[in-house]
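Each chain, written out:
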Number of protein chains: 2
Amino acid sequence: MPSRPEDDDPRLGDISEGRILQAILARTAPASHTLIGPGDDAAVIAAPSGTVVATTDTLVHGPDFRLAWSSGYDLGWKAAAVNLADVAAMGARPTALLVALAVPRDLRLSFVERLADGFSDACAALAPGCGVVGGDLTVSDTLTVAVTALGDLEGRAAVTRSGARPGDAVAVAGELGHAARGLTVLFGRFRDGETPVAVDTALLADGERAALSAQLRPAPPIGLGPVAAVAGATAMMDISDGLALDARRMAEASGVTIALDGDALGDNRERALAGGEDHALLATFSDGVLPPGFRVIGTVLPRGAEALLCDGVPVDVAGWDPYRDWDSASG
Amino acid sequence: MPSRPEDDDPRLGDISEGRILQAILARTAPASHTLIGPGDDAAVIAAPSGTVVATTDTLVHGPDFRLAWSSGYDLGWKAAAVNLADVAAMGARPTALLVALAVPRDLRLSFVERLADGFSDACAALAPGCGVVGGDLTVSDTLTVAVTALGDLEGRAAVTRSGARPGDAVAVAGELGHAARGLTVLFGRFRDGETPVAVDTALLADGERAALSAQLRPAPPIGLGPVAAVAGATAMMDISDGLALDARRMAEASGVTIALDGDALGDNRERALAGGEDHALLATFSDGVLPPGFRVIGTVLPRGAEALLCDGVPVDVAGWDPYRDWDSASG
């Protein structure tokens with residue numbers, strides 16, 4: 001991005017809320033389900049199924065991202081992607097995003113513009129037809145991006161995490177452990193927390209660069225959520241906190257045991273089990289025929305003593321809990 | 001509220017996300033439109049009209065509230081009320097709230113419990129049948145409550161802010177300037193920013209106490225939004241930033257001039273025009289018959305040189321703009 005003269009790129013605290021909103025809205029394309037878009041008290045979105053799927057997820061500077069590592073574009077993209085994944089995990093097609101921004105006064109307008117670009121591009125790439133229909137802008141010492149995503153079930157029943165039944169195949173679509181590897185790259189190579197990643201990516205190996213992208217601009221298989229629902233998925237969820245933690249949640253919700261096949265988890269089994277933030281789709285299918293994009297990683301058993309096994313052994317890998325893992329001082 | 005032993009009221013940073021969410025969910029009643037509530041990747045809410053109204057609004061510690069003045073209960077109540085008002089202003093009935101909390105680690109569990117109580121009680125009092133259907137919890141140095149409210153139009157068209165036509169009556173339901181008076185009371189009597197309001201309310205005059213309540217726990221007339229829509233309101237919005245600013249926005253959106261009657265604005269005209277945060281409903285009606293709860297405060301004229309007049313004179317009162325008015329150092 002070419003640099004801009006400072007007076008053309010003011011700090012947010014020096015300009016009106018109206019000008020900031022105008023800059024954001026100029027960058028967000030109307031979504032195909034939008035009946036009334038930004039500018040009124042509320043948006044109105046088509047819900048042709050007579051129901052609406054809704055989820056909210058927030059990214060906070062410190063625990064969820066760092067400006068030294070993520071550009072505004074990365075941040076907008078990721079905030080969109082993680083919410084779209086939750087809609088897809090119900091088997092729904094995303095229809096709309098609402099974006100609540102709390103921004104420090106000394107951030108520059110270009111940062112917010114690039115954030116809006118990230119939202120738009122993530123929608124276009126991952127969930128065509130979905131876009132930002134409303135939002136809110138306020139000042140805060142801590143940069144915070146709270147997103148709500150809405151979706152339509154297209155007449156289908158929602159796919160919950162509680163429907164897995166003994167005999168079902170356990171399958172996944174998307175990557176396992178890539179985002180976690182990307183985080184390791186960030187911590188290892190940019191430990192000072194100040195060097196912008198963009199400057200140094202030339203030094204990275206290809207695998208590292210892909211992992212970095214998975215961490216900063218995840219691309220979960222949003223379109224495969226509805227595909228799995230059409231194919232009869234019995235349970236589905238997105239893997240935000242790591243396969244071990246999330247598969248255990250599915251097993252507990254369904255009252256079953258999930259038995260994973262270690263060989264199906266790639267060359268770094270530990271990372272595939274523990275690594276969060278990939279937002280791959282975890283689903284179970286009863287008839288043995290998987291839709292394209294899904295691969296088998298295990299089977300569902302009647303509930304035994306353990307909710308989660310890998311190669312027959314209880315899995316003792318924890319996932320990501322921001323309350324336990326995040327240290328404000330180092331965050 | 002009786003005090004609790006410290007070990008029974010842990011800091012949020014010392015307990016798991018799961019325990020915090022459990023405490024919140026135990027306090028939020030299911031909403032009547034909820035098909036799938038909290039606990040899955042997303043909620044599913046009935047949208048019987050085939051459309052859904054959606055809005056988001058955030059309260060940030062500093063510019064929007066102070067913990068020295070607002071209890072957790074106040075904060076939950078207000079965060080619900082301001083979002084419910086935006087749904088009502090479209091003529092819709094609120095069906096669901098999603099709540100994204102970003103909380104400092106040193107806050108106590110009881111604070112979040114009372115916050116959840118505030119959400120529940122505001123829904124029960126202002127929008128029966130609406131409740132919290134989902135949310136998100138993360139850590140942040142800055143306490144932030146981002147709420148998304150959903151609503152159903154019950155088969156009616158949405159009432160936008162752009163439908164006011166010359167000859168319409170301009171009407172309002174709810175208070176004007178009360179919340180602003182409450183803020184003045186807070187700044188005047190609790191200037192040190194540390195004395196909890198609850199300790200000193202006995203010293204307040206009745207009018208001050210009511211104004212304080214309007215500021216801390218606003219009770220906008222949510223149910224009158226659908227009533228106005230049924231009665232044929234041509235335009236409607238909620239007054240968040242003061243009558244002067246918001247009536248001007250309605251006039252600009254509708255391409256008309258709004259002429260206010262100063263005598264209809266109460267005994268403190270300046271405060272009624274400038275004071276934000278009451279979330280009264282501003283609406284226009286074309287047939288001269290107002291629904292119960294609304295009072296006439298002016299008329300709609302063809303667009304003249306000025307978008308907003310009061311007693312025939314241009315209104316030169318600004319409303320609330322957090323980018324201009326908020327000072328982080330004193331916030």
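Note that the coordinates shown come from a computational prediction; the quantities given were computed from them, not determined experimentally.

Draft legend 1. Structural context of the overall build of chain A. Each helix and strand counted, chain A has ten helices and 13 strands in total. The globule rule puts the C-alpha radius of gyration for 331 residues at 20 Å, and the 20 Å found for chain A is close to it. Along the first, second and third principal axes, the C-alpha atoms of chain A reach 65 × 50 × 30 Å. A total of 331 residues make up chain A; the buried ones form 58% of that total. Excluding contacts between residues fewer than 6 apart, the proportion of contacts in chain A whose partners are at least 24 apart in sequence is 89%.

Draft legend 2. Just the sheet that holds strand β2 (residues 43–46) of chain A, in detail. Pairing within the open sheet is mixed, and its six strands lie in the order β1(A)-β2(A)-β3(B)-β6(B)-β4(B)-β5(B). Two strands close off the open sheet at either side, each with one partner strand: β1 (34–36) of chain A together with β5 (131–139) of chain B. Between one strand axis and the next, the sheet turns by 25 degrees as a mean value, whatever way the strands run. Bridging between strand β4 (residues 93–103) of chain B and strand β6 (residues 144–152) of chain B involves nine bridges; their strand directions are antiparallel. By the bridge assignment for β6 of chain B, proline 94 of chain B is matched with glycine 151 of chain B. Relative to β4 of chain B, helix α3 (residues 109–126) of chain B is tilted by about 165 degrees, and along the sheet it contacts β4 and β5 of chain B.

Draft legend 3. Spotlight on the relation of the copies chain B and chain A. Least-squares fitting of chain B to chain A yields an RMSD of 0.0 Å, with the superposition described by an axial translation of 0.0 Å and a rotation of 180 degrees. Taken together, the turn and the small shift mark the pair as related by a two-fold rotation axis. Minimal C-alpha distance to the rotation axis in chain B is attained by glycine 50 of chain B, lying at 2.3 Å. Here 100% of the contact residues of chain B are again contact residues in chain A; the copies associate through an equivalent surface.

Draft legend 4. Seen up close, the interface of chain B and chain A. Tallying the contact residues gives 61 residues for chain B and 62 residues for chain A. For the side of chain B that touches chain A, the element with the most residues is strand β3 (residues 51–60) of chain B, which contributes nine residues. Looking at side-chain class alone, the side of chain B that touches chain A contains 31 nonpolar, 17 polar and 13 charged residues. Of the strand pairs in this sheet, β2 of chain A and β3 of chain B are connected by four bridges, and their pairing is antiparallel.

Draft legend 5. Structural context of the domain arrangement of chain A. All names here are of chain A. Considered domain by domain, chain A is made up of domain 1 (15–152) and domain 2 (169–319). Computed from C-alpha coordinates alone, the two centres of domain 1 and domain 2 are separated by 24 Å. With 21 residues of domain 1 at the interface, the matching set in domain 2 holds 22 residues. Counting only elements with at least two residues in the side of domain 1 that touches domain 2, the list comes to α2 (72–88), β4 (93–103) and α3 (109–126). Residue contributions to the side of domain 1 that touches domain 2 peak at nine residues, all from α2. The class makeup of the residues in the side of domain 1 that touches domain 2 is 14 nonpolar, two polar and five charged.

Draft legend 6. Quick look at α3 of chain A. Helix length check: α3 of chain A, at 18 residues, gives a terminal C-alpha distance of 26 Å against a target of 26 Å (1.5 Å per residue), a fit within 8%. Looking at the buried residues of α3 of chain A, the elements they touch are α1 (17–25), α2, β4 and β5 (131–139) of chain A.

Draft legend 7. A look at the sheet that holds strand β12 (residues 308–310) of chain A. All names here are of chain A. Judged by pairing direction, the sheet is mixed, and its seven strands sit side by side in the order β8-β10-β7-β11-β9-β12-β13 without closing on themselves. Both outer strands of the open sheet, β8 (235–239) and β13 (313–314), are each paired with one neighbouring strand and no more. By the bridge criterion, two bridges tie β12 to β13 in an arrangement that is antiparallel. Residue pairing in the sheet places leucine 309 in a bridge with proline 314 of β13. The sheet strands contacting helix α8 (residues 243–254) are β8, β9 (256–260), β10 (280–285) and β12, and the helix crosses β9 at an angle near 150 degrees.

Draft legend 8. Structural view of the pairing of β10 of chain A. Residue and element names in this part refer to chain A. A large share of β10 lies buried, amounting to six of its six residues. Across five bridges, the pairing between strand β7 (residues 169–173) and β10 is antiparallel. Residue pairing across strands places valine 172 opposite leucine 282, the latter belonging to β10. Alignment of β8 against β10, held across five bridges, turns out to be antiparallel. Of the residues in β10, the one forming a bridge with aspartate 238 is leucine 281.

Draft legend 9. Examining the environment of arginine 19 of chain A more closely. Looking at where arginine 19 of chain A falls in the secondary structure, it is placed in helix α1. The partly exposed category is assigned to arginine 19 of chain A, around which 14 C-beta atoms lie within 10 Å.

Draft legend 10. The packing of α2 of chain A against α3 of chain A, seen in detail. Residue and element names in this part refer to chain A. Between α2 and α3, the shortest axis-to-axis distance is 6 Å and the interhelical angle comes to 40 degrees. It follows that α2 is oblique to α3 by the angle criterion. Crossing geometry of α2 relative to α3 is assigned as right-handed. Between α2 and α3, the contacting residues are Gly72, Tyr73, Asp74, Leu75, Gly76, Trp77, Ala80, Ala81 and Leu84 on the first element and Phe111, Val112, Arg114, Leu115, Ala116, Asp117, Gly118, Phe119, Asp121, Ala122, Cys123 and Leu126 on the second. Within the contact of α2 with α3, the residues separate by chemical class into 14 nonpolar, three polar and four charged.

Draft legend 11. Up close: unusual backbone geometry. For glutamate 277 of chain A, which is not glycine, the phi dihedral falls at a positive 75 degrees. The residue glutamate 277 of chain A is located in the loop between α9 (269–274) and β10 in this model. With 23 C-beta atoms counted inside 10 Å, the residue glutamate 277 of chain A sits in the buried group. A positive phi is found at aspartate 311 of chain B, a non-glycine position, where the angle reads about 50 degrees. In this fold, aspartate 311 of chain B is placed in the loop between β12 (308–310) and β13 (313–314).

Basis of the calculations
Residues numbered from 1 in each chain as written. Chains lettered and ligands numbered in written order. Predicted model: local features only at pLDDT ≥ 70, side-chain atom pairs only at ≥ 80, totals over all residues. Helix = DSSP H or I, 4+ residues; strand = E, 2+ residues; numbered from the N terminus. Rg over C-alpha atoms; globule rule 2.2 N^0.38 Å. Buried ≥ 20, exposed ≤ 12 C-beta atoms within 10 Å, placed from the backbone. Contact = placed C-beta atoms within 7 Å. Pairing = 2+ DSSP bridges. Axes fitted to C-alpha atoms, helices over the stretch in contact; angles between N-to-C directions. Least-squares fit on C-alpha atoms with pLDDT ≥ 70 in both. Nonpolar A, V, L, I, M, F, W, Y, C, P; charged D, E, K, R; others polar. Domains from an automatic or database assignment. Expected span 1.5 Å × (residues − 1). Parallel < 35°, antiparallel > 145°, perpendicular 65-115°, else oblique. Left-handed = near helix turned anticlockwise from the far one by under 90°.

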